[in-house]
Amino acid sequence: MSRRPTVLALLAASTLGLAACGGGGNSTATTEADAANCPGDVLDVVVSVNQWGDIVRALGGDCANVTTVINSTALDPHDYEPTTGDIASFEDADLVVVNGADYDHWASDAVDNLDPEPTVVDAADVVGVEDGHSDDADHADDADHGSVNPHLWYSPEYVAQTATAITDALSDLSPGAADYFADRAAAWQTDLQPYTDELTTLQGLTAGKTYAATETVFDYTAAAVGLTDATPEGYRDAASNESDPSSGDVAAFEAALADGSIDVLVYNTQTEGSVPEQLRSAAESAGVPVVEVTESVPDGDDSFVQWQLGQLQQLADALGGGQ
Ligand SMILES: [Zn+2]
């Protein structure tokens, strides 16, 4: 499911420089380092999407000017067409961080055309899910965009692996700041602790529990906490390929919500449309709790951790373990 009128309207509004309602049309954003606090060279880092942008800011601190190209939930990264300004923002980068797995190929394409090419951290390469296969047996069944679920920032393990690769790249590019980056990495681990703790809490709540999802965004997290995916297969295949489910797929989903075989509905609020709304209504009618998630970091959330933690706490509440 894709191409919602609301998103297109917001995109058009942002192109005209108008503020989108609910806060959101703005795209590229740069945070400047305070060079006085950096013991080495300050690096220019460009990140394709804000799911990774906040993590890069935390790890780079005052030794990285971080430009995030897609910085709003009003834009759909799957369908994104970069502007010439977006492409130009890659030109002077020392380091580029992309998700990979064909999620933000526009960013990889922009980098391929640069001479010399900057250093690139590609999260999919780092975690080994590039080229349509996974080296990780736990993730081998996941499918999106034909083969690989690209929502890598929803995997706690992939986030950790990618963060390490980002720190390594920063240290290689600014060796004088290597100790600084090591300190930042340690501070990031501390920041991450509430998220890690909530994942552990959830692992104690999911025995025998199932979920179904309107989109595949949350699947890595669901797997990490031990939830079983009960999304009806036809619907799931359609959602994975960003195609429209058949009426039979939707009916099967509604039946599963009604018959008690689904404990939680995971609903991506960033992808609206009549079918997800219909499923949400079916869940509410059946008394199945709905957990709202988003593809990108919402405009109101300051950080990756705050964003993820809010979603995990909703899930804990839905599973009866909220405090
Ligand atoms: Zn997606």
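Every value quoted in this text rests on a predicted model; they were computed, and no experiment measured them. Counting of residues starts from 1 at the beginning of each chain's written sequence and follows it residue by residue. Per-residue local features are limited, in this predicted model, to residues with pLDDT of at least 70; the limit for side-chain atom pairs, both in listing and counting, is 80 or more; totals at the level of whole chains, interfaces and linings are taken over all residues. To obtain the side-chain values, all non-hydrogen atoms of the structure were used and water was disregarded.

(A) Spatial organisation of the sheet that holds strand 1 (residues 29-31). Taken in spatial order, the 5 strands of this open sheet run 1-3-2-4-5, and their pairing is mixed. Across the chains shown, the open sheet's two edge strands, defined by having one partner strand only, are strand 1 and strand 5 (119-122). Shown here is a sheet whose adjacent strand axes are inclined to one another by a mean of 20°, direction ignored. Here, a strand pair is defined by DSSP locating no fewer than two bridges between the strands. Secondary structure elements follow DSSP: runs of H or I of four or more residues count as helices, runs of E of two or more count as strands, with numbering from the N terminus. Both strand 4 (residues 95-98) and strand 5 contribute to a ladder of 4 bridges, which runs parallel. Bridge pairing in strand 5 places Leu95 opposite Thr119. For this analysis, residues touch if any pair of their heavy atoms sits within 4.5 Å. Inter-axis angles, ranging from 0 to 180 degrees, are taken between N-to-C directions of lines fitted to C-alpha atoms, where helices are fitted over the stretch in contact. Each of strand 2 (43-49), strand 3 (64-70), strand 4 and strand 5 is contacted by helix 4 (residues 105-112), which is oriented at about 155° to strand 4, the strand it contacts most. Seen against the sheet, helix 6 (residues 156-173) touches strand 2, strand 4 and strand 5 and runs at an angle of roughly 170° to strand 5.

(B) Just helix 11 (residues 274-286), in detail. When the terminal C-alpha atoms of helix 11 are compared, their 18 Å separation across 13 residues agrees well with the 18 Å that a helix rising 1.5 Å per residue should span. Note on exposure labels: buried denotes an accessible area under 20% of the residue type's maximum, exposed denotes more than 50%, and partly exposed covers the range between, all computed with a 1.4 Å probe on protein chains only. Where helix 11 is concerned, the buried positions are Val275, Pro276, Leu279, Ala282 and Ala283. Viewed along the axis of helix 11, the buried residues span an arc of 120°, placing them on a single side of the element. Pointing more than 90 degrees away from the buried face of helix 11 are the exposed residues Ser274 and Ser285. Looking at the buried positions of helix 11, the neighbouring elements they touch are helix 9 (233-240), helix 10 (247-258), strand 8 (264-268) and strand 9 (290-293). In this analysis, the expected span of each helix is defined as 1.5 Å times one less than the number of residues it contains. To be clear, the arc concerns the directions from the helix axis to the C-beta atoms.

(C) Structural view of unusual backbone geometry. Here Asp115 and Pro116 are connected by a cis peptide whose omega angle stands at 0°. Summarising the element assignment, Pro116 is placed in the loop between helix 4 and strand 5. Residue Ala101 is not a glycine yet carries a positive backbone phi of 55°. Checked against the element boundaries, Ala101 lands in the loop between strand 4 and helix 4. The class of Ala101 is buried, set by a relative accessible area of 10%. The phi angle at Asp102 is positive, at roughly 65°, despite the residue not being glycine.

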